[in-house]
Every structure is written in C-alpha cells, then in structure tokens.
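Remarks on the overall topology
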Amino acid sequence: MNRPPVKSGSTGQMIETAIEKALDPLASALKRATQPAAKPASPGKPGLMVSPLAVPFPTIPPIGGVEIATARAGFYKHERDDLVVFHFPEGASCAGVFTRHKVGSAPVDWCKRHLDADKGGEGVKALVVNAGCANAFTGKAGADAARRTASETAKRFDCRQRDVMLASTGVIGVVLDETKITARLPDIKAGLKADAWARAGLGIMTTDTFPKGSYAECEIEGVKVKIAGVAKGSGMIAPDMATMLGFIVTDADIAPPVLKALLNLHVRTTFNSVTVDGDTSTNDTALLFATGASGAPRIGRVGDRRLKDFSAALDKVMLDLAHQLVKDGEGATKFVRITVDGAASPASARKLAKSIADSPLVKTAIAGEDANWGRIVMAVGKTEEAVDRDRLAIHFGPHVAAVDGAPSPTYDEAKMSAYMKNAEIDITVHVGSGRASATVWTCDLTKRYIEINGDYRS
C-alpha cells in the first residue's frame, strides 16, 4: 500500500514512527526468515506466520568437497522445492544417529543397515532428502521405494547403493513415489552447487516457518576446518536420539567410528535436550559427514586430543540447530530454558527437567505469561524421581518464586509478571536430593499449535 510522504517533524511523522517501531520486531523476523530465497517463509504449508522467535539463516561459505542441489519433485501441491541432494567426494565419511521409535521409517532402516555394516560410513557419495512424504509405516512397499531411490541415485553418481544415504519427512502412512525423485535426478546432478545451503534449509521444511542453519570454524593442528549444518523440525519434537532431520558436513578428515562417537557424545545435551510437544518422530535422523577436503590430518582414533577444538565447534553447531527447532515450535511465542539442579543423578535431573518441559499445564501457563509455579511443583512431583519437598526452590530468571518447599517471602507478583512477558524465559528448579543438574529447552503451547496440527493433512 502506497502512502503520501509525511513532513519531517510533524505529528503525523511521529505517529508513523511509533507504529513502525511497534511493528519492527515482526517485520524484522519476516525479513530475516525470507532472506535466503525469494520463496514463501513456510514452503511446507502456505499461510503459516513466521515464528516471532525466527533466527536469520547464517552465511555459510562452501564446505570443501560437498555440493548441493534442490528441486521440486511434487510431493506438495503448491510450488516449492521438496527434494534436496548432497554430493560428496571420494573417500568421504559418514555417521548417524536415529530414532528409537518402534515404527521407524524406511529411510531410517536403510541408513542404519548400511552404516552398521562392515566398513559402514566409508565412501559415502550422496544424501537424498525429500519433504512431504515420511515413507514411514509403509511396509515392504516403502522399503522397496527407498531401495529404488538409492539404486537410481547410485547410477547417477557412479557408486554403490550403500553409498547413498536417505531421509524423508512428511505425512506418515503414505508410500513414497520414488519416481518423483528419480525423474529429477538429471536436473539435480546438473544443478549441484557449493553454496546452496540456504536452499537446502528451505527444501527440507514441512511445517517449519523459517530455514535452520548453523556454521562454525575451528582448527586441527593449525589447519582451519569448517562445519556447517541444516535441520528441520517444528512439531512432533521430542527427539530420542537426534532431531527431526539434521545434516552436518565438515571438511575435516575423520573416520566413521570417530564421527559416530562425536555424535553420540553431543546429541544428549543438544538434540536430545529439546522438546516442543513431547512426541517423538518415526523419522528422526542426524547425519554427520566428513569430506577430508580441508587438508587437516586424518583422525582415526576416538579420544584423539587433536579433536578438542573440533568437538567444541561441533557441539556449538548442534546446539544452535537444536535451539532453532524450539524457536520454530508450532505456534511458539516463548523460548524456555529449564534447568534442574540438586538432583540425585544426571539422568534424574534430565527426567525432571523433561517432565516440566513437556507438561501442557506448564507450557500453557507460560503462553499466558503466568508464573504459575504450582504447575512446576506438579510436574516435578509426578516423576517419582528423588525430590526433597522441604528443600525445593523455584526461580523464574532472577526472581524467586519458592524456597525451602514453600512460597518465597520475597515473592513479588509485579516483577514476576513483568519477567514473564519476555520472549526468552529461564526457569531453575532445585530439588535438594543431590548435586547433579541438566538443562532442557522448550517453548510455550498456544492455540496455534492446535490450529496447525488440526489442518496438517488438509
């Protein structure tokens, strides 16, 4: 809408400036989320509002050895890319962690089988990802579709079927039509580029409202090494190994067993420490690839001290991606960090924190900007974990809600209410039964979550 110019210093200009200032956070979020490509902010489901917690997609330089291409395979009715292919050089390594869901998808079965095989993860040449069809709970037909996808991709890239990794996301219970993928492979191969990370982030989205990426650098024996990753996830987020879909690539030269050890080390405190709605997906997949193109010395032993900086940088990328999943939680308006300390063991602390983070009553109170610490007491007590009621303390940011098992004598309702209006909330709970601690990140639960999921297949 065009408007006539407003004279400088006029009352009209001051009003206009005030309005623009009030709208600036939303405008900025929309601008950031759509910067990577001239496409809808949420290609998976048109009309979704961009999360108010949206994070800008980072600048990711080419990672030596990897090329990426995207295309529209047609799993969605509307115009959008829903197929992403990564191509790797000779000698690339791969490792993965996957859902423990009892109804794992055909792509999960495919990757697990080949990565667990003798010399699994050595010489991986391609990763094929589709959005719009999960190919889960599809029986033999789904497994055959996955195999044919890998077979046709292997022919295009002159490699073995086992050297092709697969991942899918979308509706459960629909058999993948692999011809939609294989028909686009010639265009994919011709369109491979080293700088298509933002397009990859968009191509794997479903109900996500912004693409998720992360980048870090480190050194191995004085040689600069790059790490980049993309992830998708917005709902059905309570990973039991990794995330919905997460793909990380480094130009370091690291053997598959070492990659797997690093993934397992960091997944517990990153992807396995976030929750949106308490539901675990059939398709959770996190894959880590190493191209070896940096020129850094090869690392073939778990525990090699030369991996110290790399391990820290990998953790940074994984945690950043995990946080972005929560910030794009379906209908989310609050990013919440829940820390439990004074627990009997790290496992106990984690269970207590997850109980709080997954509680609909806690999450809806946060959505209503209500510091209802009684609901936190409920979530802590129902776990059957060791808790000393008379030493229980609860903090919202710097404000004390409860101490020594009772309401705090310094509780200030006005200050607490003001704090709960923040977009990011910290909740700390001391349970008085030991010295262990754990942190879990979650979001609030709003009416938009119901709307989004009520319309998911329509």
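On a predicted model such as this, the values are computed, not experimentally measured, just so you know.

1. A short note on the overall build of the protein chain
Helix and strand counts for the protein chain come out as 13 helices and 15 strands. By residue count, 53% of the 458 residues in the protein chain fall in the buried class. Sequence-distant contacts, at least 24 apart, represent 80% of the contacts inside the protein chain between residues at least 6 apart. When the accessible surface of the protein chain is split by element, carbon and sulfur atoms take 53% of a total near 19,900 Å².

2. Thoughts on the side chain of S408
Relative to the assigned elements, S408 resides in the loop between β13 (406-407) and α12 (413-419). Assessed through its relative accessible area of 8%, S408 is described here as buried. Among all residues touching S408, those that are not within four sequence positions of it are V400, A401, A402 and V403.

3. Observations regarding the environment of E67
With respect to the element layout, E67 can be found in strand β1 (residues 67-71). Looking at E67, the relative accessible area reads 32%, which means it is partly exposed. Sequence separation between E67 and F88 is 21 residues; the distance between their C-alpha atoms is 6.8 Å. Aside from chain neighbours lying at most four places away, what touches E67 is V85, F86, H87, L192 and K193.

4. Some words on the pattern of salt bridges
Scanning the entire structure with this criterion turns up 24 salt bridges. The partner of D358 in a salt bridge is K354, and the shortest N-O contact between them spans 3.8 Å. With D358 and K354 both in helix α9 (residues 346-358) and four residues apart, this pair spans about one turn of that helix. Across the pair E369 and K421 runs a salt bridge whose closest N-O atoms are separated by 3.4 Å. Taken as a pair, E369 in the loop between α10 (360-367) and α11 (373-381) and K421 in the loop between α12 and β14 (424-430) lie far apart in primary sequence, 52 residues in all. What makes K421 exposed here is its relative accessible area of 56%.

5. A word on the sheet that holds strand β8 (residues 245-250)
The strand order β3-β9-β8-β7-β6 describes an open sheet built from five strands, whose pairing is mixed. Looking at strand neighbours, the two that pair on one side only are β3 (93-98) and β6 (212-220), the edges of this open sheet. Going across the sheet, the axis of each strand differs from the next one's by a mean of 15°, ignoring polarity. Both strand β7 (residues 223-232) and β8 contribute to a ladder of six bridges, which runs antiparallel. Counterpart to G229 in the pairing with β8 is I248. Packing against the sheet, helix α8 (residues 308-327) makes contact with β6, β7, β8 and β9 (285-290), and its axis sits at approximately 170° to β6.

6. A closer look at the packing of aromatic side chains
Counted by the stated rule, this structure contains four aromatic pairs. Seen from their ring centres, F86 and W197 are 5.7 Å apart, and the 70° between their planes marks the pair as edge-to-face. On the criterion of sequence distance, the pair formed by F86 in strand β2 (residues 83-87) and W197 in helix α6 (residues 197-203) is long-range, its members being 111 residues apart. Owing to a relative accessible area of 1%, F86 belongs among the buried residues under this scheme.

Parameters and conventions
- Residues numbered from 1 in each chain as written.
- Predicted model: local features only at pLDDT ≥ 70, side-chain atom pairs only at ≥ 80, totals over all residues.
- Heavy atoms only, no water.
- Helix = DSSP H or I, 4+ residues; strand = E, 2+ residues; numbered from the N terminus.
- Buried < 20%, exposed > 50% of the residue type's maximum accessible area, 1.4 Å probe, protein only.
- Contact = heavy atoms within 4.5 Å.
- Areas by Shrake-Rupley, 256 points an atom, 1.4 Å probe, with all protein chains shown as cover.
- Salt bridge = Lys/Arg side-chain N within 4 Å of Asp/Glu carboxyl O.
- Pairing = 2+ DSSP bridges.
- Axes fitted to C-alpha atoms, helices over the stretch in contact; angles between N-to-C directions.
- Phe/Tyr/Trp six-rings, centres within 6.5 Å; stacked < 30°, edge-to-face > 60°.

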